[in-house]
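Okay, here's what each chain looks like letter by letter:
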Number of protein chains: 2
Amino acid sequence: MPETPFWTQDSLEDIVSARSKIMGAGVWAAARPDDRPVISFSGGLPDVPSLPSEELLRATRTVLDRERREALQYGGTFGAQPLRDAIAERSSGIEGLPLTDEHVIVTSGAAHGIGIACEALLDPGDTVLVESPTFPGSLRTIHSFGATVEAVPMDEDGIRVDLVEEALNRLADEGRQAKLLYLIPTHQNPEGSTLPLDRREKLLELARDHRILLLEDDAYGELWFGDEPPPSLFSLSGGELAIKVLTFSKIIATGLRLGWNLAPPTLINRMAALRYDMGSSPYLGRTVAEMIRNGDLDRHVERLRAIYRRKLERLCDALDEHCGDYISYQRPGGGFFVWVGLRPGLSALEVQRVANEKAVIIGAGPHFFADSNVTQHLRLAFSYTPVEEIEEGVHRLGEALREVAATSAVK
Amino acid sequence: MPETPFWTQDSLEDIVSARSKIMGAGVWAAARPDDRPVISFSGGLPDVPSLPSEELLRATRTVLDRERREALQYGGTFGAQPLRDAIAERSSGIEGLPLTDEHVIVTSGAAHGIGIACEALLDPGDTVLVESPTFPGSLRTIHSFGATVEAVPMDEDGIRVDLVEEALNRLADEGRQAKLLYLIPTHQNPEGSTLPLDRREKLLELARDHRILLLEDDAYGELWFGDEPPPSLFSLSGGELAIKVLTFSKIIATGLRLGWNLAPPTLINRMAALRYDMGSSPYLGRTVAEMIRNGDLDRHVERLRAIYRRKLERLCDALDEHCGDYISYQRPGGGFFVWVGLRPGLSALEVQRVANEKAVIIGAGPHFFADSNVTQHLRLAFSYTPVEEIEEGVHRLGEALREVAATSAVK
């Protein structure tokens, strides 16, 4: 093979698409494994010991025995029919709406579900409102379609709906119109907040009046630990005004790459019509449909709620004991994350660096902001950390906070 | 739920993307099952009895036992590392090049592989050269990105490279530049032809001189029945000038939705950088990597060659016996298809209709042409039809041909 490649990074610039120019050559890669025995509160990854491999293997065997031909052939752009049916039935209960397969498209995970919504709706120059802070992966996807992102601040209850209205009115004055509002209203990533019912209803009024679609990311919705969260925006609008993006990643395994979108059938069709991949795997889809039908999924979700509730309690107890002087936080009702506010004068990036030296990995707040309105926060994911390591991890974080506070005081 | 939806097909037109407007609301759906006991030569589907479900289940069990944690977690945008490594090693042998994982991106099947190549390269108004006839699914993908398709005719040896040169020169005269040439050089769909070595070399010269990339669809390349086909365009260019699109669909199962692209590492990066789906399933990827490592895949490919060789022989014998007066064809060296030319005066669509009445399903030629240069052909897929039904199916096709010939003579 030649020493000098014909197509180099430079010469490729002449022929790649506008979208590729926006994204460049950098690949969003998973963090490199740390060789030290680190304690990680970093990624939004599920608990490892509970990953349901036995249930998966059993469902695979059943599907290959019973419907081998269908599982191993093309399943269509909407996804495997038994999975669409099983999702429609299960979601009808959760949403309190008479949903059918026409409301369901099977996706290759929530990131893919957000992507196909963007594909169907966004052109370069379009405006998308987003919560700030939010999940950076989704910002990246929205940016890749050339859309302009307008960040709307949040408070401890989630997105400030009054500021959404202000933004929409300001855009209207400028002759612009937002197409989408992207938000994670339940167990938000990174804030952990859940939008109260009255704000949800006000948001739907705005969506109707301004004719914008809500892109409702609900990756964590089923993982609540206390009171059940309010109905989704999709549910409250009678399935009319939102594309609700869901995934089996957090309730089965991220490694499946399988999820689903709920939306009005007209929109489901538009998303399906753009898929060039011949649909998500019917082999995986039928396996998961079997796990829904035989009750394994619901049993597993119950188990996960107990596991994550316990991890969250352990984390909060440890934070109160070891870090109380330096931080404040609001205990989330579900999900994977605690959003920790730092005492004035403490730098999130500095705390992250010192904690890293002590072999504790945490997420720094600035990473999650689409705008420049960065505040001093840490994101602690409690989902992945083995429960017996949580206290030691937080203890080390406390040491890091003390060190940074001492240095900051000197300065 | 409301009687009148808020977002109707009409009102959606105001907010959908340009790409969605091109594609409309129509979804490319699998053909409805025919309730009659039909014999189908229609789809490019693998043989059913040989679908390797035992091998899949065994590999799944091994992977869940051995690497459960990695298989059930995110695997990155390039695909599961063990699969990239296994593909690189296996492809190094096939291509005769020292390939590494950097030349490999795991995709969700060949249709997805073609799609991500288009995403990375095409903007609205770009020009793509294609063989004519070709696989309509790929035309649909290329069109969806707003590209203009220029069809280049074929003869019995595949694409007319002299006409490729003519087209490139004409485009240059018009101040235009094609970005891609999409082709299926080996066991072409629908023609079954394989491009000879000298044409491949000439094509690579053109690609180098005109700085266009070859998008080499090789879904059927390994399924040869006699002589091994010439090296791929990717191989002949030292891995420099082609994106080679491959899939496990035809050599394991279409229901997996798993494939891979081989390309220069710079281009692999650009494709990975645009993926918003967090990569194809590492769970499936590691399962297939295990089937490569334990030898199951290579054994299965050997088995498939024998199965399809036998089906092709059966088909050709039957065509000679029952249809010889009305048709001509060239026996393909591999793949799934025989492209049948009809005697002048016979209409492909009419033959298709009458055959359908006799419960034989065939593909009509006009479906496969990007231009108006439609000739009178049928596409017979021999891959899916049970071997014991082939003769009866062709017998009925012969009756249909006789009927249409009699009617045509009367007219």
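Residues numbered from 1 in each chain as written. Chains lettered and ligands numbered in written order. Predicted model: local features only at pLDDT ≥ 70, side-chain atom pairs only at ≥ 80, totals over all residues. Heavy atoms only, no water.

Q: Please clarify how the overall build of chain A should be interpreted in this entry.
A: Helix and strand content of chain A: 14 helices and 14 strands. Across its three principal directions, the C-alpha atoms of chain A cover 65 × 65 × 55 Å. Counting the 411 residues in chain A, one finds 63% classified as buried. Pairs at least 24 apart in sequence give 75% of the contacts found in chain A among residues at least 6 apart. Roughly 15000 Å² of accessible area belongs to chain A as shown, and the carbon and sulfur atoms make up 48% of that amount. (Helix = DSSP H or I, 4+ residues; strand = E, 2+ residues; numbered from the N terminus. Buried < 20%, exposed > 50% of the residue type's maximum accessible area, 1.4 Å probe, protein only. Contact = heavy atoms within 4.5 Å. Areas by Shrake-Rupley, 256 points an atom, 1.4 Å probe, with all protein chains shown as cover.)

Q: Is there a simple way to think about the interface of chain A and chain B in this case?
A: As a measure of interface size, the accessible area lost when the parts come together is often cited. Across the contact, 91 residues belong to chain A and 91 residues belong to chain B. Summing both sides of the interface, chain A and chain B together bury roughly 8500 Å²; the carbon and sulfur share of this comes to 60%. At the boundary of chain A and chain B, one finds four salt bridges. Note that Arg19(B) and Glu119(A) form a salt bridge whose closest N and O atoms lie 2.2 Å from each other. The tally of links between chain A and chain B comes to 50 residue pairs in polar contact (both at pLDDT 80 or more). (Buried area = accessible area lost by both parts, 1.4 Å probe. Salt bridge = Lys/Arg side-chain N within 4 Å of Asp/Glu carboxyl O. Polar contact = N/O pair within 3.5 Å; in protein donor to acceptor, adjacent residues only side chain to side chain.)

Q: I would appreciate a short explanation of the nonpolar core in the present structure.
A: Across soluble globular proteins, you tend to see nonpolar side chains buried next to one another. In this structure, Leu203(A), Phe248(A), Leu203(B) and Phe248(B) are the most contacted members of the largest nonpolar core, which totals 267 residues. The contacts of Phe248(B), once residues within four sequence positions are left out, are Leu83(B), Ile87(B), Ala253(B), Leu258(B), Gly259(B), Trp260(B), Val288(B), Ile292(B) and Leu297(B). (Core = buried A, V, L, I, M, F, W, Y, C linked by side-chain atoms within 4.5 Å.)

Q: Could you clarify how one ought to interpret the sheet that holds strand S7 (residues 213-217) of chain B in this entry?
A: In sheet architecture, strand pairing relies on hydrogen bonds along the backbone and comes in two forms, parallel and antiparallel. All names here are of chain B. Taken together, eight strands build an open sheet; the order of strands is S2-S9-S8-S7-S6-S3-S4-S5 and the sheet is mixed. The two strands at the open ends of the sheet, each matched to only one other strand, are strand S2 (104-107) and strand S5 (158-159). When S7 meets strand S8 (residues 242-247), the two strands line up parallel, connected through four bridges. Counterpart to Glu216 in the pairing with S8 is Lys244. The sheet contacts of helix H5 (residues 110-121) involve S2, strand S6 (178-183), S7, S8 and strand S9 (259-262), and relative to S8 the element is tilted by about 155 degrees. (Pairing = 2+ DSSP bridges. Axes fitted to C-alpha atoms, helices over the stretch in contact; angles between N-to-C directions.)

Q: Would you take a moment to explain helix H13 (residues 348-357) of chain A for this structure?
A: Residues and elements named next belong to chain A. Looking only at H13, the buried set comprises Ala348, Val351, Val354 and Ala355. Viewed end-on, H13 has its buried residues packed into an arc of 130 degrees, placing them on one side of the element. Relative to its buried face, H13 has exposed residues pointing more than 90 degrees away, namely Leu349 and Glu357. Just downstream of H13, Ala359 is the residue with a positive phi angle, here 65 degrees. (Arc of directions from axis to C-beta.)

Q: Looking at this structure, I do not really get a negative patch on the surface. What am I missing?
A: Residues and elements named next belong to chain A. A contiguous patch of negative charge, built from Glu313, Asp317, Asp320, Glu321 and Glu391, is present on the exposed surface. Considering every element that reaches the negative patch, the biggest residue donor is helix H12 (residues 296-322), with four residues. Among the secondary structure elements, Glu321 is positioned in helix H12. The exposed category is assigned to Glu321, whose relative accessible area is 57%. (Patch = residues over 30% accessible without salt bridge, like charges linked within 9 Å, V, L, I, M, F, W, Y side chains within 5 Å. Lys, Arg positive; Asp, Glu negative; His and termini not counted. Charge placed at Lys NZ, Arg CZ, Asp CG, Glu CD.)

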